[in-house]
Amino acid sequence: MGTDFHTNTEGRKGISSWIFSTDHKRIGLLYLYSILGFFLTGVVIGLLMRLELIAPGKTIVSARTYDSLFTLHGIIMIFFFIIPGVPASLGNFLLPLQIGARDVAFPRINLLSWWLYMIAGITAISTIFLPGGPPDTGWTFYPPYSIRTPTNVSVAAFAAFIIGFSSILTGLNFITTIHRLRAPGMTWMRMPLFTWTLYSTAWVQILATPVIAITLLLLILERAFGTGFFDPSKGGDPLMFEHLFWIYSHPAVYVMILPAMGIISEIVPTFSRKTVFGYRAIVFSGLTIATLGYVVWGHHMFTSGMSDVSNMVFSFITFAVAVPSGIKVFNWIATMYKGSVEVKPPMLYAFAFIFLFSIGGLTGLINSAVATNIHIHGTFFIVAHFHYTMFGGAGFAFFAGLHYWFPKMTGRMYNFRASTVACITLFIGFNVLYFPMFLLGWQGMPRRYYDYPPEFHWNNLISTLGSWILAAGLLIMFTNLARALFKGEKAGNNPWDGTTLEWQTTSPPPHENFAEIPVVTQGPYSRKREGQETGDR
Amino acid sequence: MSDKVNETTLIILIICLALLGLVTFFMIFLAVRYRRKKNPDPEDISGSLPLEIAWTVIPTILVFIMFWYGWVNFKVMRTVPENAFNINVTARMWSWSFEYPDGFKTPTLMVPAGKPVNLDIISEDVLHSLFIPAFKIKEDAVPGMHTRLWFTAPSPGEYTIFCSEYCGQGHSSMLSKVIAMTEDEFAAWYQTRKDEATGRRAGEEASQVLKKHGCLDCHTTDGSALTGPSFKGIYGKKIMVISSGKERELTADEAYLRKSVLDPDSDIAKGYPDIMPSFKDEIPENELKDIINYIKELK
């Protein structure tokens, strides 16, 4: 003990001390770097798409290339960034620390998950170089088009199939860890909220992911052998694919957002120097979201030709799932009441999250009503909506978490002024980029459009300008963090005066996290501890 | 239709803006009011049951009001009036075809203004979606399954039709429009088209030639595909062909039509099997000319 996990290489040298390490912290960082790599790839593709749409007609690429760009953007951002984003990187690093464990329950399976992730990632990227080219179906792989196109749909679907196993194994690992390895005295109702959301998420990963795995396998079989599961000319049904696809892909939305909500639930109490408001309400709303999230998939299909009764039922449940999300937002805000609030960078990102996620969630209500959905379904309104929830929501929460735990992971601190500038630039760029898409969708511009009539030009132009502001914000943010990684000043063990267990150990934590496993005697955000340091940095 | 969508959206939008305003106001207000400089000593408040109940129950009521409006207005959008005029819609990569009760077809959707129109929609190939932004309605075109959509064009004029379900490279150019006419104009237009369709005035001779050579066993003149592409509308269209294993795009001009008859293996229309025999020495030059002229007319 004593040496932090960066210097303790478990007897391995160089790169193999990382890629063969079973230390959850090293694996968490491996995931973090690989996920950021995929994120930046997705960002570059997104910028190219926006550049193409800056004016009607052809700007930089052909229609065929554009179709592959939005497909790759979707596949990379969803399967390789936002689904594993928070749980596999921050979650892996923090879960054992937050519950006072030395590692996850199955460290070797944890490493296997990362390997599967990388194999899947490389498989997906390889479609760019294989004859036939990258898929051009959209990330949804809807048949019959996905059966007919000569592009590498099967390879991309297989990549998603592999990463599904990575996700299932991570979920399994986390559930077992939480059930078996909590520190003495850490009852369920003393668990940090981030851990709670990882727990709910893990169940969704285990139960829903097999559905997409089998669906994609059926698609691959259909492409290879013409089995006809989804092709009506062979007795199949394209709607069956849509159902199966969304039975996974809607719960997956909650895999993306729940851990993000968990991050915010950690940050707001810490920077309000106060216990969280309504701990139980936040826990149960998270569990409710995870449960109801399974039965709302049909709201992706209101115009698919599905029956009116199904439309009604799915609309009703979708509206219901909005309530627990609202409860979380209200509790975060109430946490600040009579607190001692300090808006340091993680808190600023959390504020940006609350505002952007609220817009994403509330526009979700417009989508949920069947009558209005009929107009905006399949348009840029939907694109705007899910970028507000996924990027403005999950993405900004990920940035918030990155800034919150950066000193814990690296032992160093970044420049506050630069991260504030970055956050504000990102916030402005984000809104300039995505808000015009609401207007475009309401005007009637369908998504996945390579070309568009002149009446959509202004909003597209503004949106593209926004993408450059956003890119500048990302550049400032990542430069600041990268600089801090090497040159940042020492952060200390508990720079934010946090109360959860990860702040009780050193920064960076030692190889097995704690010199002595702590004994938990009270709730995670209670400030009635003895000998608690209170000093500001 | 549009007013039902607008009404629902307005109600939801007002509630949403109110909630967003509240959340944002309290977030900023509390962060400023209880900032550390002014309030260094926090109070230990861990929750409030009445508040939790309030912000569970009130939003629940609000979302069910919104659901109700969305559902009731949707029901109106799904209940087809009995006097609706029926038109069959076929979607395919990447164009629309509208078939009227007397069997003739048009590439644009001609309707009488002020009268309900009911569309029976199907796709020939992949998923598409018929979207008329001006009326704020859409419905997917699914192969092997009939879907429906109805609307009333409020006044004469032209309204854009988009495809809103991604269907490949031509997705964003799969455009058409609704042309709404007054009822009298529509009746007159309809009668003319009906006469043309039943009278078959033009191209009688060439169609005999086509029959004689067996062309019509694989090709149709009405836009529907058999083993080979339809003659209808092919002239002047940009099409994808496979030329010695490679895909390329070309315009189906006179030279292409001629080549397709005499040397069909050189450019095979994409999506169709490579089975057409060459008609070199079988179709005399004068008949070939008639056929090409006939296809040119077949719009």
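Residues numbered from 1 in each chain as written. Chains lettered and ligands numbered in written order. Predicted model: local features only at pLDDT ≥ 70, side-chain atom pairs only at ≥ 80, totals over all residues.

**Describing the overall build of chain B**
Item 1. Across its full length, chain B holds 6 helices and 13 strands.
Item 2. Against the compact-globule benchmark of 19 Å for 299 residues, chain B has a radius of gyration of 29 Å, which places it well outside the compact range.
Item 3. Seen through its C-alpha atoms, chain B measures out along the principal axes to roughly 100 × 50 × 30 Å.
Item 4. Here the contacts in chain B between residues at least 6 apart in sequence split such that 62% fall between residues at least 24 apart. (Helix = DSSP H or I, 4+ residues; strand = E, 2+ residues; numbered from the N terminus. Rg over C-alpha atoms; globule rule 2.2 N^0.38 Å. Contact = placed C-beta atoms within 7 Å.)

**Things to note about the sheet that holds strand β4 (residues 109-112) of chain B**
Residue and element names in this part refer to chain B.
Item 1. A sheet is described by the order of its strands in space; here 5 strands give the open sequence β4-β10-β9-β6-β7, paired in mixed fashion. Bordering the open sheet on either side are β4 and β7 (137-141), each of which pairs with just one other strand. Taken over all neighbouring pairs, the strand axes of this sheet differ in orientation by 25° on average, direction set aside.
Item 2. In the sheet, strand β6 (residues 128-132) pairs with β7 via 5 bridges, with the strands oriented antiparallel. Paired with His-128 across the two strands is Ala-141, which belongs to β7. (Pairing = 2+ DSSP bridges. Axes fitted to C-alpha atoms, helices over the stretch in contact; angles between N-to-C directions.)

**Quick notes on helix α6 (residues 285-297) of chain B**
Residues and elements named next belong to chain B.
Item 1. For α6, spanning 13 residues, the distance from its first C-alpha to its last is 19 Å, which sits close to the expected 18 Å at 1.5 Å a residue.
Item 2. Within the span of α6, buried status applies to Ile-291, Tyr-294 and Ile-295. Taken down its axis, α6 places every buried residue within 100° of arc, on the same side. The exposed residues of α6 that point more than 90 degrees off its buried face are Glu-285, Asn-286 and Glu-297. (Expected span 1.5 Å × (residues − 1). Buried ≥ 20, exposed ≤ 12 C-beta atoms within 10 Å, placed from the backbone. Arc of directions from axis to C-beta.)

**Thoughts on the packing of helix α1 (residues 2-33) of chain B against helix α2 (residues 49-78) of chain B**
Residues and elements named next belong to chain B.
Item 1. It is the contact of α1 with α2, at a shortest axis distance of 9 Å, that shows an interaxial angle of 175°. In terms of orientation, α1 lies roughly antiparallel with respect to α2. Of the residues in α2, those touching α1 at Lys-4, Glu-7, Thr-8, Ile-11, Ile-12 and Ile-15 are Leu-62, Met-66, Tyr-69, Gly-70, Asn-73, Val-76 and Met-77.
Item 2. Residues belonging to the contact of α1 with α2 are distributed by class as follows: 8 nonpolar, 3 polar and 2 charged. (Parallel < 35°, antiparallel > 145°, perpendicular 65-115°, else oblique. Nonpolar A, V, L, I, M, F, W, Y, C, P; charged D, E, K, R; others polar.)

**Some thoughts on the nonpolar core**
Item 1. In terms of nonpolar packing, the biggest core is built from 217 residues, with Ala160(A), Ile264(A), Ala350(A), Ala352(A), Phe353(A), Ile354(A) and Ala400(A) touching the most fellow members.
Item 2. Among the domains, domain 1 (1-25 + 49-79) and domain 2 (85-199) of chain B are the pair contributing at least three residues each to this core.
Item 3. Discounting residues that sit within four places of it in the chain, Ala400(A) has contacts with Ile263(A), Ile264(A), Ile267(A), Pro346(A), Tyr349(A), Ala350(A) and Phe353(A).
Item 4. If you look at the next biggest cluster of nonpolar residues, it comprises 10 residues, including Cys215(B), Ile234(B), Tyr235(B) and Ile295(B). (Core = buried A, V, L, I, M, F, W, Y, C linked by C-beta atoms within 7 Å. Domains from an automatic or database assignment.)

**Some thoughts on the confidence of the model for chain B**
Residue and element names in this part refer to chain B.
Item 1. In this model, chain B carries a mean pLDDT of 87, and residues with pLDDT of at least 70 account for 95%.
Item 2. Low confidence marks residues 200-204, where pLDDT is under 50. Its contacts with residues over four positions away, or in another chain, come to 4 contacts.
Item 3. Interface confidence in the predicted complex, given as ipTM, is 0.90; pTM for the same model is 0.86. (pLDDT = per-residue confidence, 0-100.)

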